[in-house]
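# Structural features, examined
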Amino acid sequence: MKISDAYVIVTSPGRNFVTLKIVTESGTYGIGDATLNGREMAVVAYLEEHVIPALIGRDASRIEDIWHYLYRGAYWRRGPVTMSAIAAVDLALWDIKAKAADMPLYQLLGGKSRERVMTYAHCTGKDIESCLEEVETHVGLGYRAVRVQAGIPGIPTIYGVAKREGERYEPADSDLPAEHVWSTEKYLNHVPKLFAAVRERFGDEIHLLHDVHHRLTPIEAARLGKAVEPYHLFWLEDCVPAENQESFRLIRQHTTTPLAVGEVFNSIHDYRELLENQWIDYIRTPLSHGGGITHVRRIADLAGLYHVRTGFHGPTDLSPVCLGAAIHFDTWVPNFGIQEHMPHTEETDAVFPHDYRFEDGHFLVGEAPGHGVDIDEELAKQYPYKRASLPVNRLEDGTLWHW
Ligand SMILES: O=C(O)[C@H](O)[C@@H](O)[C@H](O)[C@H](O)CO
Ligand SMILES: [Mg+2]
């Protein structure tokens, strides 16, 4: 199973996606997602200049060896660009191996641990009332879990809420970074009211989640975790920037609100202290940023020792290739928790034909050999790359903050 060709496809059906295709001598091919939102072309260059030339002629069945060749062989370890590039190769190789075995990927991983994959939807509104309407709609669609984010009085733009009513939320929404304003005080005073309103209207059954998007200090995060305890959240996500894993000791000492972290992590080492000290409850690293299946399954296994479950990142800036592979992983992994679900646009779904299905708040894995997601290369050509950047955030006095 020699690799005879490999190339990168950049397409922008509504937003940018980077896809790696690896072809073997027999004609069997696999595809991997290499999209790193706002830094897409860095991964393209890494793949084209440093990875693809080293892949040609290698045995595609040696996934583990190729992983270590790319990881150790780079000398420069970890980092989102490197780990996204390695992930793309890894996902494509698992796709090839499963196709060669004539099996859906979840079978190769160890078979089904569950019949379907619970997802959570994004419910956002400019204020509490419009957010409640969103929850109503999504409960009607069958979701058992919703992420709730609302506009904050006195803050003009806020993470997770679309710019204009009726529009979809898209973070990378301008050529150069848009500038947002942030006030921790206003946010902390408002969020508990949002959760009180949601519980009052929808009762205790539905799972509620919330993303702080790295904006608090540890003691502020502890205050928020305590304040929302009566509304028993499924999780509070990224409550502080997590380079300093030790921050979570303080947060954990103060609150029983479950904590999720890791959408910007790319290595098992980013999690070690968090897991060993039992400071978190869910890991978020998506397959496409964490070195692929080969590496993320090791993180999931380590997490399992500490009762920590998976809750993979699944925004629209990860392509259907990443989502499709994640649904196979979620179907297999013993310590599954939940899967984020932000529906892709029709244009995106047309470029990436796939066999996973969404039904009643859950994903159902497909039975096609491989990870079940393909790319229509002709259609992809109709959507040229356009630079798009994530916003930056400033405090009201102009200080640059975490977005
Ligand atoms: O929980 C989430 O889904 C994330 O926080 C996203 O909304 C990120 O902001 C985005 O993926 C950045 O590229
Ligand atoms: Mg998040």
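Model, not experiment: these values are computed from the prediction. (Residues numbered from 1 in each chain as written. Chains lettered and ligands numbered in written order. Predicted model: local features only at pLDDT ≥ 70, side-chain atom pairs only at ≥ 80, totals over all residues. Heavy atoms only, no water.)

On to the coordination of the magnesium ion (ligand 2). The coordination sphere of the magnesium ion (ligand 2) contains the protein donors D211 (OD), E237 (OE) and E263 (OE), at a distance range of 1.9 to 2.2 Å. Motif for the magnesium ion (ligand 2), donor spacing along one chain: D-x25-E-x25-E. Note that D211 is positioned in strand 7 (residues 207-211) and E263 in the loop between strand 9 (259-261) and helix 9 (272-276), a separation of 52 residues in sequence. Neither D211 nor E263 differs from the other in exposure class; each is buried. (Donors = N, O, S within 2.8 Å, 3.2 Å for Na, K, Ca; no water. Helix = DSSP H or I, 4+ residues; strand = E, 2+ residues; numbered from the N terminus. Buried < 20%, exposed > 50% of the residue type's maximum accessible area, 1.4 Å probe, protein only.)

If you walk across this open sheet you meet the 3 strands as 6-15-16, and the pairing is mixed. With one partner strand each, in any of the chains shown, strand 6 (179-182) and strand 16 (400-401) form the two edges of the open sheet. Here strand 6 runs beside strand 15 (residues 392-395); their pairing, made up of 4 bridges, is parallel. Looking across to strand 15, one finds that H180 is bridged to N393. (Pairing = 2+ DSSP bridges.)

Our focus in this paragraph is the packing of helix 6 (residues 184-202) against helix 7 (residues 218-227). In contact at an axis separation of 9 Å, helix 6 and helix 7 are set at 15° when each is read in the N-to-C sense. Judged on the interaxial angle alone, helix 7 and helix 6 are roughly parallel. Once helix 6 is placed against helix 7, the crossing between them reads as right-handed. Of helix 7, the residues touching helix 6 (which contributes T184, Y187, L188, N189, V191 and P192) are E220, R223, L224 and A227. The class makeup of the residues in the contact of helix 6 with helix 7 is 6 nonpolar, 2 polar and 2 charged. (Axes fitted to C-alpha atoms, helices over the stretch in contact; angles between N-to-C directions. Parallel < 35°, antiparallel > 145°, perpendicular 65-115°, else oblique. Left-handed = near helix turned anticlockwise from the far one by under 90°. Contact = heavy atoms within 4.5 Å. Nonpolar A, V, L, I, M, F, W, Y, C, P; charged D, E, K, R; others polar.)

So, on to the packing of helix 7 against helix 8 (residues 247-254). At a minimum axis distance of 8 Å, the contact between helix 7 and helix 8 shows a crossing angle of 25°. Relative to helix 8, helix 7 is oriented roughly parallel. In terms of crossing hand, the pair formed by helix 7 and helix 8 is right-handed. In contact with P218, I219, A221, A222 and K226 of helix 7, helix 8 contributes S247, L250, I251 and H254.

With respect to burial, strand 4 (residues 117-125) is a largely interior element, 9 of its 9 residues being buried. Here strand 4 pairs with strand 14 (residues 362-364) via 2 bridges, running antiparallel. Along strand 14, the bridge assignment pairs V117 with F363. The sheet contact formed by strand 4 and strand 12 (residues 336-340) spans 2 bridges and is parallel. Each bridged residue has a counterpart across the sheet, and for Y120 the counterpart in strand 12 is E340. Here strand 4 pairs with strand 5 (residues 145-150) via 5 bridges, running parallel. Pairing of T124 across the sheet is with Q149, part of strand 5.

Turning our attention to the UniProt feature "domain: Mandelate racemase/muconate lactonizing enzyme C-terminal" (unreviewed entry) in the protein. If you check UniProt for "domain: Mandelate racemase/muconate lactonizing enzyme C-terminal" (unreviewed entry), the listed places come out as residues 128-258 in our numbering. Helix makes up 38% of residues 128-258 and strand makes up 14%, while its end C-alpha atoms are separated by 23 Å. (UniProt positions renumbered as here; feature names shortened; annotations may be inferred.)

With that settled, consider helix 5 (residues 128-140). Here helix 5 contains 13 residues, and its C-alpha end-to-end distance of 18 Å stays within 8% of the 18 Å for a straight helix at 1.5 Å per residue. When helix 5 is considered as a whole, its buried residues turn out to be I128, S130, C131, L132, V135 and H138. Of the residues one or two after helix 5, G142 is the one with positive phi, at around 105°. (Expected span 1.5 Å × (residues − 1).)

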